[in-house]
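# Secondary and tertiary structure notes
Residue-level listing of the chains:
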Amino acid sequence: MDRLAGKAALITGGNAGIGAATARLFAAEGAEVMIAARNTLTAQQALDQIRAAGGTAHFVACDVRRAEDCQRAVAETLQLLGRIDVLFNNAGIVPMGTALETSLETWHEVFATNVNGTFYMSRAVLPHMIERNHGVIINNGSDWGVVGGQRAVAYCSTKGAVAQMTRAMALDHARQGIRVNAVCPGDTYVERWQGKLKAGQSMDDYLADLGHGFPLGRVAEADEIARAVLFLASDDSSYMTGQLLVVDGGNTAGGTSASFA
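Scoring rules and cut-offs
Residues numbered from 1 in each chain as written. Predicted model: local features only at pLDDT ≥ 70, side-chain atom pairs only at ≥ 80, totals over all residues. Heavy atoms only, no water. Helix = DSSP H or I, 4+ residues; strand = E, 2+ residues; numbered from the N terminus. Buried < 20%, exposed > 50% of the residue type's maximum accessible area, 1.4 Å probe, protein only. Contact = heavy atoms within 4.5 Å. Areas by Shrake-Rupley, 256 points an atom, 1.4 Å probe, with all protein chains shown as cover. Lys, Arg positive; Asp, Glu negative; His and termini not counted. Charge placed at Lys NZ, Arg CZ, Asp CG, Glu CD. Polar contact = N/O pair within 3.5 Å; in protein donor to acceptor, adjacent residues only side chain to side chain. Core = buried A, V, L, I, M, F, W, Y, C linked by side-chain atoms within 4.5 Å. Pairing = 2+ DSSP bridges. Axes fitted to C-alpha atoms, helices over the stretch in contact; angles between N-to-C directions. Salt bridge = Lys/Arg side-chain N within 4 Å of Asp/Glu carboxyl O.

Scanning the protein chain for helices and strands turns up seven helices and nine strands. Overall size of the protein chain, expressed as C-alpha extent along the three principal axes, is 50 × 40 × 35 Å. The buried share among the 261 residues of the protein chain stands at 48%. Across the protein chain, the fraction of contacts at a sequence separation of at least 24, relative to all contacts at a separation of at least 6, is 73%. Counting every atom, the protein chain has about 12300 Å² of accessible surface; 52% of that belongs to carbon and sulfur. Across the protein chain, 21 positive and 26 negative side-chain charges occur, with their mean positions spaced 4 Å apart.

As C-alpha cells, then:
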C-alpha cells in the first residue's frame, strides 16, 4: 500500500476499462488522480467509486485528439494538484478490419486517438517534468504492437507506433529524470465487450471461448493490467525506461497462440 503516496497522476481515458481500474488502484495506493476523458457520465461514476473507497480523484474534460485539449488538461491538473508525477496515456480505440475493410475515416480516427493523443499529452506534460527533473510516462500499447494480429491493421499500426514513440521518448528524456515505458496488454475484458456478443450468447461463454486460444486459458481482467501499470509508475521499476512490459497471458511467447485449443 501507499506506493504512490504524495504523487499526482493524470490518466487519459480513466473513466472506463483499464484506465478506470488504474485510477482506482493509483488512488488506493495514495495518489491524487486526475481523470481526463470525453464522457462526463462514466467519468463521474469512476470518481464516485474512487471517493467511496476513500481515494482522491478529479475530472477534466479532454479529447486527446485535440492538442489544445491536452494542453488545457495538463494546465488544469497543474493548477489543481500542483504537479504531475505520473502520466498514463491510456485513451485508445480498437477498430477491427483488414486494409480493404478499413475506411480512410477509421484509419485517420484511430491514429488521431491512439498515436496523436499519446504524443499530444506527452508533449504537454514534458516541460513540467523536465523543469522538476522528475516524472514517469506510461503509454498503453498492446501485444499487437509487438507482434501482428489478424483483421486489425489500423490498430496494430498505431500500437507499433506507440511502442517506438515510447523507446524514442525514453532515450530523449532519460537524462532529465523522466522514465518512459509502455504496458502492452493482451485481450482484456472491459465494459465495451458487451457489444461483441451474438444473439443468445452469454459473456461467460464468450470469454471462455476466447480464453481457450491463450496459453493461460483465459483473458485478462482490467485490474491485472492496472497492477502492471502501478509497477511502472512506482519506484519498484526505478531502473526501467524505454521498455515494453507485455502482459498477455503468454500470447506472444511463441509468436502465436494458434496451437492452443
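And the narrative resumes.
Attention now moves to the side chain of serine 122. Mapped onto the elements of the fold, serine 122 is located in helix H4 (residues 104–132). Separated by 2.8 Å, the side chain of serine 122 and the backbone oxygen of threonine 118 make a polar contact. Setting aside residues up to four positions removed in sequence, serine 122 forms contacts with Leu87, Asn89, Ile137, Asn139 and Met169.

If you look at the biggest cluster of nonpolar residues, it comprises 31 residues, and the most contacted ones within it are Phe26, Val33, Ile35, Val86, Phe88, Ile138 and Val183. Elements supplying a minimum of two residues to this core: strand S1 (8–12), helix H1 (17–28), strand S2 (32–37), helix H2 (40–52), strand S4 (86–89), strand S5 (135–140) and helix H7 (222–233). Considering every element that reaches this core, the biggest residue donor is H7, with eight residues. Isoleucine 138 has contacts with Val86, Leu87, Phe88, Asn89, Asn181, Val183, Val229, Leu232 and Ala233, leaving out every residue within four places of it along the chain. Within the second largest apolar cluster, 26 residues are counted, among which are Ala36, Ala91, Val115 and Ala170.

The next point concerns the sheet that holds strand S6 (residues 178–185). Spatially, the seven strands line up as an open sheet ordered S3-S2-S1-S4-S5-S6-S9, and their pairing is parallel. Lying at the two open borders of the sheet, with one neighbouring strand each, are strand S3 (56–61) and strand S9 (244–247). The sheet shows a mean angle of 20° between the axes of neighbouring strands, taken without regard to direction. Note: S6 against S9, four bridges, orientation parallel. Paired with valine 183 across the strands is leucine 245, a residue of S9. Packed onto the sheet, H7 meets S4, S5, S6 and S9 and runs at close to 165° relative to S6.

It is worth spelling out the pattern of salt bridges at this point. A full pass over the atoms with the stated rule returns 13 salt bridges. A salt bridge links aspartate 223 to arginine 24, with the nearest nitrogen and oxygen atoms 3.6 Å apart. Pair noted here: aspartate 223 is in helix H7 and arginine 24 is in helix H1, with a separation of 199 residues, a long-range link. Relative accessible area serves as the criterion here: at 33%, arginine 24 is assigned to the partly exposed category. Among the salt bridges present, the one from glutamate 68 reaches arginine 66, with a minimum N-O distance of 2.8 Å.

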